Amino acid sequence: MTRLTNDMVKDISTSLENVNDMLVRCAGMTTKEMACDAIAIDPNSIDLEEFQVGVIPITSGLGIISKFSESVSDIVKAIGMESFVTETTDVTGFAEALTRGADIIFMADDYEYIAFNVASKKYSNNSFGTASGYVAALNGAAKGLIGKTVLIAGAGRVGSRAANLLTARGAKVIVTDVDKEKSRALADNFSNVMIMDDIAEAISSNKYILNASPAHIPSEYIIEGAIISTPGIPHTFDEAAYRKATIIHDPLAIGTAVMAVQAASFSNQDKKKCRR
Ligand code: 2YG
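Rules behind the numbers
- Residues numbered from 1 in each chain as written.
- Predicted model: local features only at pLDDT ≥ 70, side-chain atom pairs only at ≥ 80, totals over all residues.
- Heavy atoms only, no water.
- Helix = DSSP H or I, 4+ residues; strand = E, 2+ residues; numbered from the N terminus.
- Contact = heavy atoms within 4.5 Å.
- Pairing = 2+ DSSP bridges.
- Axes fitted to C-alpha atoms, helices over the stretch in contact; angles between N-to-C directions.
- Parallel < 35°, antiparallel > 145°, perpendicular 65-115°, else oblique.
- Nonpolar A, V, L, I, M, F, W, Y, C, P; charged D, E, K, R; others polar.
- Buried < 20%, exposed > 50% of the residue type's maximum accessible area, 1.4 Å probe, protein only.
- Phe/Tyr/Trp six-rings, centres within 6.5 Å; stacked < 30°, edge-to-face > 60°.
- Lys NZ or Arg CZ within 6 Å of the ring centre and 35° of its normal.
- Left-handed = near helix turned anticlockwise from the far one by under 90°.

### Re the environment of Leu23
Move 1: With respect to the helices, strands and loops of the structure, Leu23 is situated in helix α2 (residues 16–27).
Move 2: For Leu23 and Glu33, which are 10 residues apart along the polypeptide, the C-alpha to C-alpha distance reads 9.5 Å.
Move 3: For Leu23, the residues in contact, after removing those within four places along its chain, are Gly28, Met29, Thr31, Met34, Ala137, Ile248 and Ile254.

In structure tokens, the structure reads:
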């Protein structure tokens, strides 16, 4: 999994309006609408203001990314939730979040990034949140994917998770990855996924692209009018690419917003159960 850097994170909190505007402009939906569409719930069926979120800085492995926790807290606030960053880190931070009454706890080490719903004991993770958020945005921007062919560039955790989300929305899926083993593993797991090994040919023959790879995609490869939903970091699309294509990207907010809404929806599911 590619790790965010301090530089990628430093301006997130002050650019959340821009992300929302980008989603409205490109995909016809706000950040909250995208997150609800990603898990197929009606935005009116969930009251995000009810939820208190605790974000815990985690020092393990390569350690803290500056402003990561604050950014997560601001992202969930921007979709209407209450949230705080714990004063303490790691296990002490977990105890602090519980003591302060967090309903949902966000934390990330170098391998997993999760949103844990305390009451329901279920959690949402970044691979699902990012894949489903960017698929929802692509679906909106393409005005539906039924019968359309979508190229997945990058068969890592997010790209692989996106494959069945795309087929569930009626798309035909092609996958390309510099690591042929990864693209074949993905194609083995999902029926009717085609493989294209040459990334230049793959990009230049597809209008709809879900880019979940860290690779640079030269603008020369991109079709005029392409729609590229791209969680991939580092984000290296240049001016020329932005002129030719609709490009949907942010380093953290789209995945985090889906995680928050999915974690909150676990409570609703329990409420529905106890209503019977
Ligand atoms: O608590 C901290 O500050 C650090 N332990 C956070 C480490 C996060 C590492 N993970 C990543 O950089 C990305 N996988 C995060 C998700 C990117 C959005 N799709």
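### With respect to the pairing of strand β5 (residues 122–125)
Move 1: Note: strand β4 (residues 113–117) against β5, 4 bridges, orientation antiparallel. When the bridges of β5 are listed, Ala115 appears paired with Ser124.
Move 2: If you look at the hairpin formed by β4 and β5, you'll find 4 residues sitting between the two strands, and Lys121 has a positive phi there, around 60 degrees.

### Details of the packing of helix α3 (residues 31–38) against helix α6 (residues 126–141)
Move 1: Where α3 meets α6, the axes come as close as 8 Å, and the angle between the chain directions of the two elements is 110 degrees. In terms of orientation, α3 and α6 fall into the roughly perpendicular class. Counted together, Met34, Asp37 and Ala38 of α3 and Phe128, Ser132, Gly133 and Ala136 of α6 form the full contact between these two elements.
Move 2: When its residues are assigned to classes, the contact of α3 with α6 shows 4 nonpolar, 2 polar and 1 charged.

### As for the sheet that holds strand β6 (residues 149–153)
Paired through their backbone hydrogen bonds, the strands of a sheet run either parallel or antiparallel.
Move 1: What the 6 strands build is an open sheet, ordered β8-β7-β6-β9-β10-β11; its pairing is parallel. Each edge of the open sheet is held by one strand with a lone partner, namely β8 (193–195) and β11 (246–248). If you compare each strand with its neighbour and ignore which way they point, the axes differ by 20 degrees on average.
Move 2: Here β6 pairs with strand β7 (residues 172–176) via 5 bridges, running parallel. By the bridge assignment, Thr149 is partnered in β7 with Lys172.
Move 3: Lying over the sheet, α6 contacts β6, β9 (208–211), β10 (227–229) and β11, oriented at roughly 165 degrees with respect to β10.

### Topic: the environment of Leu165
Move 1: Here Leu165 lies in helix α7 (residues 157–168).
Move 2: Judged by relative accessible area, Leu165 falls into the buried class, the value being 16%.
Move 3: Contacts of Leu165, omitting those with residues within four sequence positions, involve Phe128, Ala131, Ser132 and Val135.

### Details of the packing of aromatic side chains
To describe a pair of aromatic rings, one takes the distance between the centres and the angle between the planes.
Move 1: Taken as a whole and assessed by the stated rule, the structure comprises 3 aromatic pairs.
Move 2: Judged by centre distance (5.4 Å) and plane angle (65 degrees), the rings of Phe68 and Tyr113 are edge-to-face. Residue Phe68 is located in helix α4 (residues 68–78), and its partner Tyr113 is located in strand β4; the two are separated by 45 residues in the primary sequence. One exposure class covers both Phe68 and Tyr113, and it is buried.
Move 3: Here the aromatic cluster, defined as three or more aromatic residues joined through ring pairs, consists of Phe68, Phe106 and Tyr113.
Move 4: The ring of Phe84 carries Arg100 above its face, with NZ or CZ at 4.0 Å from the centroid.

### Brief notes about α4
Move 1: Listed as buried for α4 are Phe68, Ser69, Ser71, Val72, Ser73, Ile75 and Val76.
Move 2: Just downstream of α4, Gly80 is the residue with a positive phi angle, here 105 degrees.

### Some points on the packing of α6 against α7
Move 1: The N-to-C vectors of α6 and α7 enclose an angle of 50 degrees; their axes lie 8 Å apart at closest approach. With respect to each other, α6 and α7 are oriented oblique. Considering the relative orientation of α6 and α7, their crossing is right-handed. Of the residues in α7, those touching α6 at Ser127, Phe128, Thr130, Ala131, Ser132, Val135 and Leu138 are Arg157, Val158, Arg161, Ala162, Leu165 and Leu166.
Move 2: The residue inventory of the contact of α6 with α7, partitioned by class, reads 8 nonpolar, 3 polar and 2 charged.

### Some points on the sheet that holds strand β1 (residues 52–56)
Move 1: Pairing within the open sheet is mixed, and its 5 strands lie in the order β2-β1-β3-β4-β5. Of all the strands in the sheet, just β2 (82–85) and β5 have a single pairing partner and so form its edges. Sheet twist, expressed as the average angle between the axes of neighbouring strands with direction ignored, equals 20 degrees.
Move 2: Where β1 lies against strand β3 (residues 104–108), 4 bridges are found, and the strand directions are parallel.

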